[in-house]
Amino acid sequence: MSIRLKPITVARVFGIPVKLSYGWFPVFGLHIYAVSAHYLPHHLPYQTTIEHWGLGVLTTVLLFLSVLGHELGHALFARAEGLKIYDITLHLFGGLARFDREADTPLGDFKIAVAGPAASFLHGLMFFVLNQLSIYVLPSRSAALLTNYLALTNLILALFNLLPGFPLDGGRVLRAWLWHRHGDFFAATRWVTQAGRGIAYFLIALGVFWMLTWKTSADLFIGAWAMFVGVFLKDAAHATLRHLNAVHQAAHLRVADAMKQSAIIPPAMTIQQLVDDILPVHRQTSFPVCQQRRFIGVILLERLRQIPPEQWSTLTAQDVMLPTTANMLLHPSTPLGTAQSLLRDNQVGCAGVLDDAGQFVGFISLLEIHKKLVS
């Protein structure tokens, strides 16, 4: 069984959680080493090793703050478009801002996509201005070298992200234009994802060629990095296509297509009865509590585990259930994609399905939705 380590939350910026994946740490350390042990000693041979490593750490921190600024550009414009921002994660190949959904319009999609490269261009311009100041106003060889490196790196980051293939920002910009021109979001996404796969295979081939013809260790590193980035983009493109197909399918399915006839728990049933009579027959992690077809709450097994067994015979379902709230109610005709978003946000991962008269007719969880989408 594989173990997936969750990213570490290190800060909140404008209310957005900022996380670090475990894959980010070796890249952070490798960049410090490359700058401190090779780049700086070559250009600043008169400085001490401690000074090289100090400047290497500073350069690396500023570089990753620039990557964070790139993702903040996406996130803040997405928030302005009404999207919910889950978090920003810095990972092995850069950063990722996660939203609850796509933009509602091509213009909104364009604004969100172009905000990241625009932020990188602004960072590059800022470091260029600082570079000129460190050359002509307050001369400092160290500052000039550091700001020149960061200006060029941010420019390269912006230009690379503008390549016209998904999931790069340039692919999103192209998608916004195609969406606007043809009026079909799914077709536009499919086209730019295929373009992204083409870019990925080109990077892989370029990396292989570079590694086969390398003359220095730097050539070998660049070739390997191009291959890794290409594989990452290829996998991201494949994942996007799978997600797109699921979303497209969800747009045509309704809650009635996925809901199930769950075991219904009366509010007066004791926990002991639930454990003895219901759990052995119904393998569920949550159960609806109903009184005369009126949906009044949900019982979660994870909450039952926290109750001492000696209390099972005295506590009832009504004592331990989560009372029904508005985000735990769905209609049979609700689109499955809408239901999936609601269940992800309502903290319980399930909901009762009510007919036009408000009567309980079914129960649905994220598991049923997932099974329906992948079937």
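Residues numbered from 1 in each chain as written. Predicted model: local features only at pLDDT ≥ 70, side-chain atom pairs only at ≥ 80, totals over all residues. Heavy atoms only, no water.

K.L.:
Describe the side chain of S286, and please don't skip the residues or the numbers.
P.N.:
Mapped onto the elements, S286 comes out in strand β5 (residues 286–291). Taking the relative accessible area as the measure of exposure, S286 reaches 6% and is therefore buried. Excluding its chain neighbours within four sequence positions, the residues that come into contact with S286 are V298, I299, L300, C350 and F363. (Helix = DSSP H or I, 4+ residues; strand = E, 2+ residues; numbered from the N terminus. Buried < 20%, exposed > 50% of the residue type's maximum accessible area, 1.4 Å probe, protein only. Contact = heavy atoms within 4.5 Å.)

K.L.:
A description of the sheet that holds strand β6 (residues 294–300) should follow, citing residues and the corresponding values.
P.N.:
Strands sit in the order β5-β6-β7 across an open sheet of 3 strands; the sheet is antiparallel. With partners counted over all chains shown, the strands left at the sheet margins are β5 and β7 (322–323), one partner each. Relative to β6, β5 runs antiparallel, the two sharing 6 bridges. The partner of F287 across the bridge, within β6, is I299. (Pairing = 2+ DSSP bridges.)

K.L.:
Account for the layout of surface pockets, with residues named and values stated.
P.N.:
By volume, the second largest pocket amounts to about 300 Å³. Around the second largest pocket, the lining is made up of 18 residues, and of these Q284, T285, S286, S365 and L367 lie nearest the centre. When residues of the lining of the second largest pocket are traced back to their parent elements, those giving at least two are α10 (301–304), β10 (360–365) and α13 (366–374). It is α13 that provides the largest number of residues to the lining of the second largest pocket, a total of 3 residues. Taken together, the residues that form the lining of the second largest pocket break down as 6 nonpolar, 6 polar and 6 charged. (1 Å grid on protein atoms, 1.4 Å probe; cavity = no way out; pocket = protein on both sides within 12 Å on 5 of 7 lines; lining within 4 Å. Points joined across faces, edges and corners; volume = space filled by probe spheres on them. Nonpolar A, V, L, I, M, F, W, Y, C, P; charged D, E, K, R; others polar.)

K.L.:
Requested: an account of the nonpolar core, with residues and values cited.
P.N.:
Proteins that are soluble and globular tend to have nonpolar side chains buried together. Formed by 17 residues in total, the largest nonpolar core has its most connected members in I265, L274, I278, F287, V289, I299 and L304. Within the residue set of this core, elements represented by two or more residues are α9 (271–278), β5, β6, α10 and α11 (317–320). Of the residues forming this core, the biggest block, 3 residues, is contributed by α9. Discounting chain neighbours no more than four positions away, the residues touching I265 are L274, I278, F287, P288, V289, C290, I299 and A317. (Core = buried A, V, L, I, M, F, W, Y, C linked by side-chain atoms within 4.5 Å.)

K.L.:
With reference to specific residues and values, describe the pattern of salt bridges.
P.N.:
Scanning all chains against the criterion turns up 10 salt bridges. We note a salt bridge from D345 to K84, for which the minimum N-O separation is 3.8 Å. Here the residue D345 occupies a position in helix α12 (residues 336–345), and K84 occupies one in the loop between α2 (49–80) and β3 (85–91), the gap between them amounting to 261 residues. By relative accessible area, which is 30% here, D345 ends up partly exposed. The partner of D104 in a salt bridge is R101, and the shortest N-O contact between them spans 2.7 Å. What emerges from the salt-bridge pattern is a single network uniting K19, D87 and R98. (Salt bridge = Lys/Arg side-chain N within 4 Å of Asp/Glu carboxyl O.)

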